[in-house]
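Per-entry structural report
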Amino acid sequence: MAEIELRSLRKTYGKVVAINDLSVHIPDGEFLVLLGPSGCGKTTTLRALAGLETLDRGRILIGGRDVTLLAPGKRGIAMVFQSYAVFPHMRVFDNIVFGLRMRGVPPGDQRTRAHEVADLLQIRNLLDRYPAQLSGGQRQRVAVARAIVMRPDVLLMDEPLSNLDALLRLHMRAELKRLHRELRATTVYVTHDQVEALSLGDRIAVMKEGEIIQCATPSVIYDTPANRFVGSFIGSPPMNFLSGTVAGADGSLRVEVAGTVLALPPRAHPAGGTPAQVTIGIRPEHIAVEFSAVPAAVPAQVSVLEPIGSHQLLTAQVGADIVKVTVPPEFAAEPGRAVWLRFDPARVRLMDPATGQAIAVS
Amino acid sequence: MTLRRLGIYSAALVISAWVAVPLLLISIAAFTPRDVLYQWPRPLWPEQFTLETMRFFLRFTGVWQSTLNSVFVAVLTIGLAFAIAAPASYALARFRFRGRDSLQLAILATKMFPATVLSIPLAVAFIRWHLYDTLLGVALVHTALSIPFVTVIVTSVFVGISYELEEAAMTLGSSRAQAFLRVTLPMALPGLAAAGIFTFVLSWNEVFAATILTLNHRTLPALIVDSVIGAGAPLHFRFAGGFFMIVPALIIIFLIRRYLLTLWGVTVR
Amino acid sequence: MVVAEADLVLDRPRPRVNWTPYVLVLPAFVFLGLFFIYPMVQAIWLAVTDPQSGAFTLSHFRRMSGDLYFRQAIRYTLTITALAVPLQVMLGLAIALLVNTRFRGHSAFLYLTAVPIGISDLAAGLIWLSIFTERGYLNAVLQKLGLIEVPAIFLSVERPDWLLGAVVLTEVWRATAIVMVILLAGLQLIPKDYAETASVFGAGRWQTLRHVILPLLGPSLQTALIIRTILAFQLFATVVILAGRQIPVLAGEAYFWYSLYRSPNVASAYAVLILLFSGSITWLYLRFLRPGEGRA
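Residues numbered from 1 in each chain as written. Chains lettered and ligands numbered in written order. Predicted model: local features only at pLDDT ≥ 70, side-chain atom pairs only at ≥ 80, totals over all residues. Heavy atoms only, no water.

1. Here we look at the overall build of chain A
Threshold: Under the DSSP-based scheme used, a helix requires at least four consecutive residues in state H or I and a strand at least two consecutive residues in state E, with every element numbered from the N terminus. Residue burial is assigned from relative accessible area. The probe radius is 1.4 Å, only protein chains are included, and a residue is buried under 20% of its type maximum, exposed over 50%, and partly exposed in between. Here, two residues are considered to be in contact whenever any of their heavy atoms come within 4.5 Å of each other.
The number of helices and strands found in chain A is eight helices and 21 strands. Structurally, chain A occupies a C-alpha span of about 75 × 45 × 35 Å along its principal axes. In chain A, which comprises 362 residues, the share counted as buried stands at 51%. Considering only residue pairs separated by 6 or more positions, chain A has 65% of its internal contacts joining residues 24 or more positions apart.

Below, the structure written as structure tokens:
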């Protein structure tokens with residue numbers, strides 16, 4: 001068990017900056033998800049933590065010990081690779097005990113510990129098989145078993161579910177969550193799938209261009225994204241963005257959107273004050289649809305209505321902006337029809353249109 | 001559709017015959033009694049086969065010794081070529097480093113300087129280096145000739161084995177060397193063996209350098225060329241020699257038939 | 001935040017150079033220098049210096065070009081190359097396309113047609129000698145068919161065209177396999193989708209081959225052409241076995257000047273000439289047969 005401290009990590013490949021001055025503290029036992037689009041540096045960060053990449057600068061501390069220059073095998077970590085990297089020329093059993101063998105654990109202990117984790121991952125009956133005889137999901141379990149049999153202080157996972165089909169991914173996601181609850185190893189998990197991140201992480205670090213944009217619990221990330229990027233990256237469909245104009249602030253903040261004035265909770269004044277132009281961020285489920293004009297509802301026009309099982313997705317035009325709204329399955333409206341959208345004022349997020357940074361509620 | 005199938009099969013049949021018939025004919029010739037070979041009218045199929053022709057060839061002065069020489073040179077070539085090319089292949093497959101592209105290009109460019117160009121200047125140098133007329137000298141030139149092939153093949157074998165496997169081994173406590181020995185090497189063995197066998201064929205078949213660089217310590221091809229040019233060896237010696245030369249090659253090509261495409265396919269790039 | 005001293009130590013301005021790959025490529029590097037760069041320089045040196053005085057001279061080139069066999073050697077080498085290489089490429093392409101149809105038995109067919117890869121130019125010469133020699137199989141067949149009474153002499157100085165034909169045939173028989181395997185490997189890199197797309201848009205088999213497959217096969221064809229042409233300039237044992245010196249070729253002349261006339265200098269001049277030929281033909285191929293951008 002160990003906490004992790006990443007201090008000012010920097011890594012470049014020639015002129016490309018993969019990680020730019022990245023610092024994060026991960027408390028003991030936490031499940032931290034590194035989330036971001038491809039090329040954001042999340043995998044490089046994980047590999048640097050594993051010791052598979054040499055850094056240009058910065059230090060890595062695991063359990064208070066500086067491991068920056070240590071070989072991967074000496075860091076007390078274990079890793080699950082995206083491709084699983086299960087050794088194809090070894091039986092499942094030999095795969096699982098490979099690390100124990102490298103450590104010189106006595107054969108008897110190797111056997112007991114291998115059986116323990118095999119039971120935990122329900123692959124006891126596969127121990128004598130070769131990886132070629134296993135399904136993708138089974139290979140994945142072997143990769144996880146091989147990592148946790150080491151009883152690592154830190155467990156690293158690089159997109160472990162990305163090669164599984166949708167159903168299996170859902171199942172293994174729950175399995176990984178259960179495993180983490182049982183083992184409580186500090187876990188760093190890389191993914192580009194925001195649903196995975198929301199469901200697994202104690203905290204999510206959203207990354208972009210080698211930097212952490214926001215690092216917080218899933219609910220904070222979802223409800224109060226730090227900027228436009230985070231809001232648009234998380235949530236399916238993502239947050240809606242509309243342009244608005246500040247009309248006045250007397251007790252509440254009044255913002256005009258498409259001719260309608262919304263009364264919003266007041267905001268803290270950032271340096272330089274609230275800009276006159278703002279971007280309004282609102283999630284699709286925080287919008288109500290009305291068929292007649294009601295006070296503080298924004299007029300819109302229906303473009304498309306898509307059923308997606310448990311609910312429907314309404315796409316509407318508000319001025320020049322497009323807004324997506326989740327509506328109940330029984331909702332009906334033909335394209336072209338005029339509707340009025342009521343935004344939940346408590347859920348509206350304001351952003352500076354120039355920087356994309358959120359303006360905090362005061 | 002059936003007409004197309006007919007076309008495919010007849011074309012395949014004609015081409016198969018074109019390749020196979022000469023092989024069959026040299027095999028028959030190698031076991032045809034000597035006097036039948038010089039008869040007229042010449043029968044296509046001898047009434048009886050004999051080992052006499054092959055025996056004559058194998059007992060011919062120097063044949064046995066030069067066969068041993070050929071095998072020795074080929075084995076030495078495999079050893080040298082792997083010792084030199086395998087580490088470079090591993091580096092090319094696993095590391096990005098400055099000069100990597102130029103090295104790869106240089107190795108491919110060496111294909112442009114084949115035996116003819118190398119042998120004559122090296123013969124002069126070998127006299128100075130006391131390597132002239134030695135099997136080591138021949139093996140060194142064969143090594144030079146096989147390095148482009150071995151490097152390209154072995155590199156592609158290593159590239160074919162995911163680096164993540166080695167990384168996984170390293171996260172599990174292996175050193176880089178251990179990871180290579182326990183994970184990559186066992187998986188690479190079949191491909192490496194194929195490359196080795198290929199090198200053997202290359203050395204076994206090489207004529208020009210062996211002829212130029214030896215005098216008394218002939219390899220088999222050098223001895224045959226010498227006997228034909230210098231001594232005007234009789235026809236039955238030539239036929240038996242031709243057959244004897246192709247037998248190991250046939251067996252070996254059969255052994256590595258699975259790798260033929262990869263071997264040559266990858267040498268393309 | 002307080003920065004500990006250790007932090008500063010690790011604040012390397014630049015990534016550390018990893019020396020491992022350089023150590024690994026060192027032996028290859030040294031060996032290539034010793035056995036490729038050195039001989040090349042040495043060949044040029046031998047070709048242009050006087051063996052006694054070490055002074056610069058073109059006398060070896062003059063001796064080479066003044067020799068009776070010189071013009072013939074160039075002419076025959078180029079003729080054989082010009083005849084054999086296109087035949088090899090056409091036949092190799094045909095075989096590769098046949099194998100790629102995956103007809104029943106295509107793998108046995110592939111193995112059989114690939115067999116000559118393992119056969120040396122020397123052995124190939126001896127094999128075809130058994131066919132073309134005076135009491136060879138060709139005469140035996142002709143006699144059986146009643147076409148001749150006395151054996152015809154194919155391999156004689158009086159019939160240089162026959163000699164040339166025998167050499168070209170042997171070369172085609174032996175080296176088509178290499179071309180075939182290179183082209184087949186190239187063919188298998190071409191995703192099936194392209195041909196399928198073409199057929200969906202109404203292209204027939206020949207049109208698909210001409211407009212889709214062959215252009216995509218460009219790089220493999222180029223490689224096959226370069227490899228075969230360079231090796232055709234090396235032609236030695238086949239010619240020596242079938243025609244002796246009646247068909248002089250460049251590599252053969254290099255051999256005779258070295259072994260028979262004991263003149264490493266003139267032999268080196270030939271080596272330099274072969275090098276120049278190989279280099280310029282490769283350049284020509286790369287320059288004028290450049291495949292399009294971004295191909296497999």
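Moving on from the coordinates now.
2. Thoughts on the side chain of A:H286
With respect to the helices and strands, the residue A:H286 is situated in the loop between β14 (277-282) and β15 (287-290). Apart from residues lying up to four places away in sequence, A:H286 is in contact with A:R342, A:F343, A:D344 and A:R347.

3. Examining the domain arrangement of chain A
Residues and elements named next belong to chain A. For clarity, the threshold we go by: Per the annotation, domain bounds derive from an automatic or database assignment of domains. Computed with a 1.4 Å rolling probe, the buried area is the accessible surface lost when two parts are put together, summed over both parts. Any Lys or Arg side-chain nitrogen found within 4 Å of a carboxyl oxygen on Asp or Glu counts as a salt bridge. Here a polar contact means two N or O atoms within 3.5 Å. Within protein one must be a hydrogen donor candidate and the other an acceptor candidate, and residues neighboring in sequence count only if both atoms are side-chain atoms.
According to the domain assignment, chain A contains domain 1 (4-233) and domain 2 (240-359). Opposite the 10 residues of domain 1 that make contact, domain 2 presents 10 residues. Contact between domain 1 and domain 2 buries roughly 890 Å² in total, counting both sides, with carbon and sulfur atoms accounting for 46%. Across the domain 1-domain 2 interface, the total number found is one salt bridge. Put simply, D223 and R347 hold a salt bridge, and the shortest N to O gap is 3.6 Å. Across the contact surface, domain 1 and domain 2 share six residue pairs in polar contact (both at pLDDT 80 or more). Those elements that place two or more of their residues in the side of domain 1 that touches domain 2 are α7 (218-223) and α8 (228-233).

4. A few points about the pairing of strand β16 (residues 298-307) of chain A
All names here are of chain A. Threshold: In this description, strands pair whenever DSSP reports at least two bridges between them.
Where β16 lies against strand β19 (residues 338-343), four bridges are found, and the strand directions are antiparallel. Note that in β19 the partner of V298 across the bridge is L341. Alignment of β16 against strand β17 (residues 312-318), held across six bridges, turns out to be antiparallel. Residue pairing in the sheet places L305 in a bridge with L314 of β17. Counting the residues that bridge the hairpin from β16 to β17 gives four residues, and of these G309 lies at a positive phi of roughly 85°.

5. What about the nonpolar core?
What counts here: Throughout, nonpolar core names a set of buried Ala, Val, Leu, Ile, Met, Phe, Trp, Tyr and Cys residues whose side chains join them through atoms within 4.5 Å.
A:I60, A:I96, A:L156, B:F208, C:L122, C:F236 and C:I247 are the most contacted members of the largest nonpolar core, which totals 274 residues. Counting residues per element, this core draws most heavily on helix α8 (residues 160-189) of chain C, at 16 residues. The residues contacting C:I247, other than those within four sequence positions of it, are C:Y76, C:I80, C:P160, C:L163, C:L164 and C:V239. In terms of nonpolar packing, the next biggest core, distinct from the first, is built from 28 residues, A:V278, A:V298, A:V327 and A:V348 among them.

6. Some words on the interface of chain B and chain A
Put simply, the rule reads: For this scheme, ten residues count as nonpolar: Ala, Val, Leu, Ile, Met, Phe, Trp, Tyr, Cys and Pro. Four count as charged, namely Asp, Glu, Lys and Arg, and the remainder, Gly too, count as polar.
Each side of the interface is counted separately: chain B has 15 residues, and chain A has 21 residues. Among the residues chain B hides against chain A, the three largest losses belong to B:E164, B:T171 and B:L172. Together they make up 42% of the total. If you look at where chain B meets chain A, you find one salt bridge. For B:E167, the salt bridge is made with A:R47, and the minimal N-O distance between the two is 2.5 Å. Summed over the shared surface of chain B and chain A, the number is four residue pairs in polar contact (both at pLDDT 80 or more). Elements supplying a minimum of two residues to the side of chain B that touches chain A: α8 (163-171) and α9 (176-205) of chain B. At seven residues, the largest contribution of residues to the side of chain B that touches chain A is made by α8(B). When the residues that make up the side of chain B that touches chain A are grouped by side-chain class, the tally is eight nonpolar, four polar and three charged.

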